[in-house]
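Secondary and tertiary structure notes
Given next are the chains, with one letter for each unit.
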Number of protein chains: 2
Amino acid sequence: MAGNFEDIAKQFVTFYYSQFDQDRKALSALYRDGSMLTFESSAVLGVNSIVEKLSGLPFEKVKHQVATLDAQPSVNGGVLVLVTGQLLVDEEQRPMNYTQTFHLVAEGGSYYVFNDIFKLVYG
Amino acid sequence: MAGNFEDIAKQFVTFYYSQFDQDRKALSALYRDGSMLTFESSAVLGVNSIVEKLSGLPFEKVKHQVATLDAQPSVNGGVLVLVTGQLLVDEEQRPMNYTQTFHLVAEGGSYYVFNDIFKLVYG
């Protein structure tokens, strides 16, 4: 169980949702051409399509609240992250539960998102 | 987006939960010494520790019901899977929501579970 994968996961998740809630177009820095996003079972490939997808989501204000975060070292020095949390959009008062998994791949001294799957959870 | 990763994911998930609900010790065939399981934030490494962990869970009867399944091709021909669902244990009448992510790694013509993270979702 390699050293600091948990720190990497925590730093990434904090940064990701902070950026998402502030200006989700800027998330482009975290994806590459081989990255894939599946958002509510709709899949897109590559940084441009991913940012287009995220930018086009039908809300303006959004606030993620992470409830749990688990991480594991993955193959080739990567990190796998599973998040559960709640999000509020626009003027909606009831938070929605969601789960999201990220597969972070090492690149130089840093990481980018190779796999990203987001799913709302209905109880 | 490689060919049949969705079929692989569906076949795997069907087999995994069927086996889990019937005889979870037999899941040993799906893990290797480098595999990792994080079950409710408790992490174990290697097939023996994983099977010990699963066998020791405090319920006898369990029934998983998959609600959603999303898959993506991962690095090195692997497959990343995100499941949401509900489970019932023993005589409990209220199902619990859960989410689980599997990272399947190619081995010969088949796959094994390299990463496995399970988490209950409270709404």
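Before reading further, recall that the structure is shown in the block above.
All of the points below concern the structure found in this document. (Residues numbered from 1 in each chain as written. Chains lettered and ligands numbered in written order. Predicted model: local features only at pLDDT ≥ 70, side-chain atom pairs only at ≥ 80, totals over all residues. Heavy atoms only, no water.)

Some words on the environment of Thr14(A)
Residues and elements named next belong to chain A. Selection criterion: Secondary structure elements follow DSSP: runs of H or I no shorter than four residues count as helices, runs of E no shorter than two count as strands, and numbering proceeds from the N terminus. Accessibility here uses a 1.4 Å probe with only protein chains present; expressed as a share of the type maximum, an area under 20% marks a residue as buried, one over 50% as exposed, and anything in between as partly exposed. N or O atoms closer than or at 3.5 Å make up a polar contact, with two conditions inside protein: a donor-capable atom paired with an acceptor-capable one, and, for residues adjacent in sequence, both atoms drawn from side chains.
As for its position among the elements, Thr14 is in helix H1 (residues 5-23). The exposed category is assigned to Thr14, whose relative accessible area is 57%. A distance of 2.9 Å separates a polar atom in the side chain of Thr14 from the backbone oxygen of Lys10.

Observations concerning the side chain of Gln100(B)
Residues and elements named next belong to chain B. So the rule is basically this: Whether two residues are in contact is decided by their heavy atoms, any of which lying within 4.5 Å being enough.
Tracing the backbone through its elements, the reader meets Gln100 in strand E5 (residues 96-107). The exposure class of Gln100 is buried, given its relative accessible area of 2%. Of note is the side chain of Gln100, whose polar atom sits 2.7 Å from the side chain of Tyr17. A polar side-chain atom of Gln100 sits 2.8 Å from a polar atom in the side chain of Asp116. If near-sequence neighbours (up to four positions away) are discounted, Gln100 is found in contact with Tyr16, Tyr17, Val81, Leu82, Val83, Asp116, Ile117 and Phe118.

Digging into the interface of chain A and chain B
How big an interface is tends to be stated in terms of accessible area lost as the parts join. The condition that has to hold: Throughout, buried area stands for the accessible area (probe radius 1.4 Å) lost by two parts on being put together, summed over both. A carboxyl oxygen of Asp or Glu within 4 Å of a side-chain nitrogen of Lys or Arg is what we treat as a salt bridge.
Facing 34 residues of chain A, the contacting portion of chain B comprises 34 residues. Around 2,800 Å² of area is buried between chain A and chain B when both sides are counted, 69% of it from carbon and sulfur atoms. For the pair chain A and chain B, the number of links is two salt bridges. Lys119(A) serves as the salt-bridge partner of Asp70(B), at 4.0 Å between the closest nitrogen and oxygen. Of all the elements in the fold, those that place two or more residues in the side of chain A that touches chain B are strand E1 (31-39), strand E2 (42-45), strand E3 (62-73), strand E4 (79-89), strand E5 (96-107) and strand E6 (110-121) of chain A. Looking at the side of chain A that touches chain B, the element that brings in the most residues is E6(A), giving six residues.

Digging into the environment of Asp33(A)
Residue and element names in this part refer to chain A. Of note, Asp33 is situated in strand E1. In this structure Asp33 comes out as exposed when scored by relative accessible area, which is 63%. Ignoring sequence-local partners within four residues, the contact set of Asp33 consists of Leu45, Gly46 and Val47.

Spatial relationships are all this shows, so hold off on functional conclusions.
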